[in-house]
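Structure assessment
Chain by chain, the residues:
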Amino acid sequence: MTSLNLADGDPSTAAVDAVVVGVFDDGDGVPQLAPGAEQVSAALNGGLADALRRLGATGAVGEVTKLATFGAIKAPVLVAVGLGADDGEVSAETLRRAAGAATRALAGSDRVVLALPGALRPVAEGALLGAYRFAGYRTRPQAGRREAVKTVSVRSAEEGTKAAARAMLKRATTVTGAVAQARDWINAAPNELRPPAFADAIAAWAGTAGLDVEVLDEKALKKGGYGGILAVGQGSAAPPRFVRLAYTARGATSRLALVGKGITFDTGGVSIKPAANMWEMKSDMSGAAAVAAAVVAIAALGPKVNVTAYVPIAENMPSGTSYRPGDVVTMRDGTRVEVLNTDAEGRMVLADAMARAIEDGTDYLLETSTLTGGQIIALGKRVSGLMGTEDFCNRVRDIGARVGEPAWPMPLPDDVRKGMDSEVADISQVNAGMDRAGHMLQGGVFLSHFVPDDLPWAHLDIAGPSYNAGEPTGYLPKGGTGVPVRTLIELAEDVAANG
Ligand code: BES
Ligand code: ZN
Ligand code: MN
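Within every chain, residues take consecutive numbers counted from 1 along the sequence as written. Whichever chain is written first becomes A and whichever ligand is written first becomes 1, with later ones labelled in order. Confidence filtering applies because this is a predicted model: local features only for residues at pLDDT of at least 70, side-chain atom pairs given and counted only at 80 or more, and all residues used for totals across whole chains, interfaces and linings. Side-chain numbers here rest on the full set of heavy atoms in the structure, without hydrogens or water.

In the vicinity of ligand 1 lie 19 residues, with D266, K273, D284, D343 and G373 positioned nearest. N or O atoms closer than or at 3.5 Å make up a polar contact, with two conditions inside protein: a donor-capable atom paired with an acceptor-capable one, and, for residues adjacent in sequence, both atoms drawn from side chains. At a separation of 2.9 Å, a nitrogen atom of ligand 1 approaches a polar side-chain atom of D284. Here an oxygen atom of ligand 1 sits 2.7 Å away from a polar atom, N or O, in the side chain of D343. Note that accessible areas follow from Shrake-Rupley with a 1.4 Å probe, and for residues the cover is restricted to the protein chains shown. A total of 520 Å² of accessible area belongs to ligand 1 in isolation, and the protein chains cover 87% of it. Residues that form the shell around ligand 1 fall into these classes: six nonpolar, five polar and eight charged. Note on definitions. A residue lies near a molecule or strand when any single heavy atom of the residue is within 4 Å of it. Throughout this entry, Asp, Glu, Lys and Arg are counted as charged residues, while Ala, Val, Leu, Ile, Met, Phe, Trp, Tyr, Cys and Pro are counted as nonpolar. The remaining residues, Gly among them, count as polar.

Below, the discussion takes up unusual backbone geometry. In the segment running from V483 into P484, the intervening peptide bond is cis, with an omega of 5 degrees. Counting from the N terminus, the helices are DSSP H or I runs at least four residues long and the strands are E runs at least two residues long. With respect to the helices and strands, the residue P484 is situated in the loop between β21 (479-480) and α15 (485-498). Phi is positive for N45, which is not a glycine, with a value near 60 degrees. Its location among the elements puts N45 in the loop between α1 (38-43) and α2 (48-54). A relative accessible area of 73% means that N45 is categorised as exposed. Unusually for a residue other than glycine, F70 sits at a positive phi of about 45 degrees. Inspection of the secondary structure assignment puts F70 in the loop between β4 (64-68) and β5 (77-85). Any residue under 20% of the maximum accessible area for its type is buried, any over 50% is exposed, and the rest in between are partly exposed; the area is computed with a 1.4 Å probe on protein chains only.

The next thing to look at is the UniProt feature "domain: Cytosol aminopeptidase" (unreviewed entry) in the chain. Mapped onto the present numbering, the UniProt feature "domain: Cytosol aminopeptidase" (unreviewed entry) falls on residues 341-348. Split by type, residues 341-348 is 38% helix and 0% strand. Its first and last C-alpha atoms lie 11 Å apart. UniProt positions are given in the numbering used here, feature names are shortened, and annotations may be inferred rather than shown by experiment.

Attention now moves to empty space enclosed by the protein. The distinction between a cavity and a pocket rests on a 1 Å grid over the protein atoms alone: a 1.4 Å probe fits inside a cavity but cannot get out, while a pocket stays open yet meets protein on both sides within 12 Å along at least five of seven lines, and a residue with an atom within 4 Å of a point counts as lining. Grid points are joined across faces, edges and corners, and a volume is the space filled by probe spheres set on the points. For the structure shown, the criterion picks out one cavity of 30 Å³ or more. Space inside the largest cavity adds up to approximately 50 Å³. Lining the largest cavity, in full, are R382, S384, E405, P406, A407, L460, P465, V483, P484 and T487. Of the residues assigned to the lining of the largest cavity, the class counts are six nonpolar, two polar and two charged.

Further remarks concern the coordination of the manganese ion (ligand 3). Geometry sets the ideal angles at a metal, namely 109.5 degrees for four tetrahedral donors and 90 or 180 degrees for six octahedral donors. Here the coordinating atoms are restricted to nitrogen, oxygen and sulfur within 2.8 Å of the metal centre, or 3.2 Å for Na, K and Ca, and because water is not among them the sites may look incomplete. Within the protein, the atoms that donate to the manganese ion (ligand 3) are D266 (OD), D343 (O), D343 (OD) and E345 (OE), at distances of 2.0 to 2.2 Å. All donors of the manganese ion (ligand 3) come from a single chain, and their spacing in sequence reads D-x76-D-x1-E. Here the manganese ion (ligand 3) and the zinc ion (ligand 2) are spaced 3.1 Å apart, with D266 acting as a shared donor. The partly exposed category is assigned to D343, whose relative accessible area is 22%.

Empty space within the largest pocket amounts to approximately 850 Å³. Lining the largest pocket are 35 residues; nearest its centre among them are K273, M281, D343, T372 and G373. Secondary structure elements with two or more residues in the lining of the largest pocket: α10 (346-360), α11 (373-379) and α14 (439-448). No other element matches α11, which puts four residues into the lining of the largest pocket.

Given below as structure tokens:
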């Protein structure tokens, strides 16, 4: 893992592998040095901006230009990273992206100094998020593989004590460590992380943080009447699990429940998915990974709020023992659900987990899941879908915007609910006419059935944002992104501070 420390002194004389400076776009695609680059620029006799322009740099956000320094400064490599237009204050998200793009581009280096302008926290977080590398499963070292940067030094341009700056770095390490843990679980091969193994991995990670851990196996699930989790899990030779992780803070006055979908692989079951890109469904436990990783980080940060994570885990497989379209399933809360499509498995396991959270008692409930392809159609790969009670959703949206995990409010319309009336049971799992209209909303509407009217709750559909099948960009690697771990951590802190 990459470690962080505070840089002091002149970056041009630092004994490191690379120094990173920022460049703005002056408005015409001409690079302009940002604050922090002064000493390096002076050591290069003021020719740096012109050299960057000749090398094709424009200052676009996250653009990385590498230069050899041939002894002009102590570090052999100088990196200029783009910060976009200079409009006074550089935004937190721009700093995160720039720092992340720089540490990603410098994989293989031991020591790097970031001499960027602006606030310390986003630079530190972005640097660690961008440095992430998935270990993988190769039996022999990959030719040319460059490991994550070992040490990143960040400068603090901010006023304040060294102790405060160090605490900030510690916080960034905790938060990004949780993101890295979520990414590792998501990127894991699905045969390596079937439900019992995933439950064990979560329990082990949470145990070290001193959380109260409860794991229900298939027997306990049967005894507890978790019909939705059992129905989805019954087609797999690897039985389902349910994990509950509780962080209790001394003096806390509010309770927050976090529920995350943990389908370790989603074939669709009997309503099987097409083969193309099906392997991406190893990421169908991104919600579970996020809530489990987040509650461990929350416990380490220690805000005054009680936070409990609820993690239903199953593998959705087609087999002779699978659940089937037409089945009627009795859920944990007693609701009878008519199954119409076994590929709508997430809402089945989530409804049971939410019912348990509500039984335990909570003041706020946030559930997050890779629930629908419809989320990607509606909002794309970067913006999550947000449904639930208005005030709480707005709160989650504001936090998401602040941390760079955008989410946008979506409605839960009556007509969509009507379309889910069942001929035979209390509710259908999807639109009874198999109408795909408002697919994302159908998921939210189904889950809303299990929430009491007076409970502030939010459903965050992360189907697109949780997984990056494309090229790395900014601080986002290919594969699991760790969205929405940082939103969940800040939400807990926000509830601790404001109730
Ligand atoms: N895990 C999928 C949703 C998904 C799709 C996540 C693509 C990430 C990328 C979910 O279980 C699913 O299959 N949803 C169906 C719902 C339908 C059967 C009602 C969908 O979106 O098509
Ligand atoms: Zn799924
Ligand atoms: Mn599915």
